[in-house]
Amino acid sequence: MSIAKPIPQHVAIIMDGNGRWAEQRGKERSEGHVAGVASIRASIRAAQRNGVRYVTFYAFSTENWGRPAAEVEALMELLCYSVINETPDLQRQGVRVRVIGERARFSEKVQGFLNRIEADTAAGETLTMVLALNYSSRDELRRAVQRLAREAAAGTLRPDEITEARIAAALDTADMPDPDLVIRTSGEQRLSNFLLWQSAYAEFYFPEVLWPDFTEEEFDRALEVYARRDRRFGRLK
Ligand code: IPE
Ligand code: IPE
Ligand code: MG
């Protein structure tokens with residue numbers, strides 16, 4: 001008798017190690033970010049092949065503004081370039097792109113590209129690719145709390161109506177399932193302010209591989225590790 005392997009509905013990835021990958025090769029850090037785009041493509045392909053419905057990529061944290069201006073600038077350029085370059089393939093593959101994070105902090109140009117890729121891929125039905133940009137979990141919670149507080153102050157929300165579901169609905173991830181599996185590459189074992197609320201019952205996987213070396217096979221391996229985990233959600237077997 002064969003038992004179907006459990007497939008995560010939502011995989012969230014902290015893409016880490018681009019800088020170290022570049023430094024190991026005597027290249028600029030930004031070249032590591034460029035190389036990392038191929039790993040995003042590979043992850044999308046592997047996710048589709050395995051029937052994963054949501055893949056979230058942590059691409060730029062609110063804390064990443066603290067990096068040298070030249071690196072931030074290179075990341076913004078890469079973002080705009082990739083949006084133009086990847087949109088036709090994403091459309092062909094039926095991938096819908098959604099952005100989470102506070103986009104008001106980006107330049108008008110970058111915001112325009114983000115709005116465009118969301119609009120251009122809105123009809124995609126096979127997989128949702130979530131890009132976390134100028135995202136951090138605490139900032140997302142701050143914005144959600146402000147929203148709920150404004151409703152309370154306006155008299156349209158009673159404090160006892162603030163349920164877990166209401167909080168979840170005020171987050172950027174409102175209509176998405178929680179991540180089942182969180183992957184962080186490069187051997188670091190921390191969340192760095194990523195999906196803290198949503199990952200309450202996620203499984204975690206920390207491969208040593210640096211993000212630009214993360215291939216389709218690496219994604220498959222992560223799913224194999226996930227399939228062996230025993231998720232109990234606080235209950236007994
Ligand atoms: C992750 O790689 C990409 C971003 C944070 C944008 P890093 O740039 O953090 O690479 P390391 O951790 O310095 O190697
Ligand atoms: C987390 O990686 C953010 C992204 C992958 C976008 P960082 O490299 O910025 O995190 P820390 O500084 O090592 O915690
Ligand atoms: Mg890093």
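The structure this text deals with has already been given above.
Residues numbered from 1 in each chain as written. Chains lettered and ligands numbered in written order. Predicted model: local features only at pLDDT ≥ 70, side-chain atom pairs only at ≥ 80, totals over all residues. Heavy atoms only, no water.

Caption draft 1: How the structure looks around the site of ligand 1. The environment of ligand 1 is formed by Met15, Asp16, Gly17, Asn18, Gly19, Arg20, Arg29, His33, Ala59, Asn64, Arg67 and Glu71. Asp16 is positioned such that a nitrogen or oxygen atom in its side chain is 2.8 Å from an oxygen atom of ligand 1. Contacts to ligand 1 include Gly19, whose backbone N or O atom sits 2.9 Å from an oxygen atom. Bound to the protein, ligand 1 loses 87% of the 380 Å² it would expose on its own. Listing elements by their share of the shell around ligand 1, those giving two or more residues are helix H1 (18–24) and helix H2 (29–50). At 3 residues, the largest contribution of residues to the shell around ligand 1 is made by H1. Taken together, the residues of the shell around ligand 1 break down into 2 nonpolar, 5 polar and 5 charged. (Near = heavy atom within 4 Å. Polar contact = N/O pair within 3.5 Å; in protein donor to acceptor, adjacent residues only side chain to side chain. Areas by Shrake-Rupley, 256 points an atom, 1.4 Å probe, with all protein chains shown as cover. Helix = DSSP H or I, 4+ residues; strand = E, 2+ residues; numbered from the N terminus. Nonpolar A, V, L, I, M, F, W, Y, C, P; charged D, E, K, R; others polar.)

Caption draft 2: Molecular detail of the pairing of strand S3 (residues 95–100). With 5 of 6 residues buried, S3 lies mostly within the body of the structure. For S3 and strand S4 (residues 127–135), the ladder comprises 6 bridges, and the chain directions are parallel. Within S4, the position partnered with Arg96 by the bridge is Thr128. For the segment spanning S3, helix H4 (residues 108–120) and S4, crossover handedness is left-handed. (Buried < 20%, exposed > 50% of the residue type's maximum accessible area, 1.4 Å probe, protein only. Pairing = 2+ DSSP bridges. Right-handed = clockwise from strand over helix to strand, strands pointing away.)

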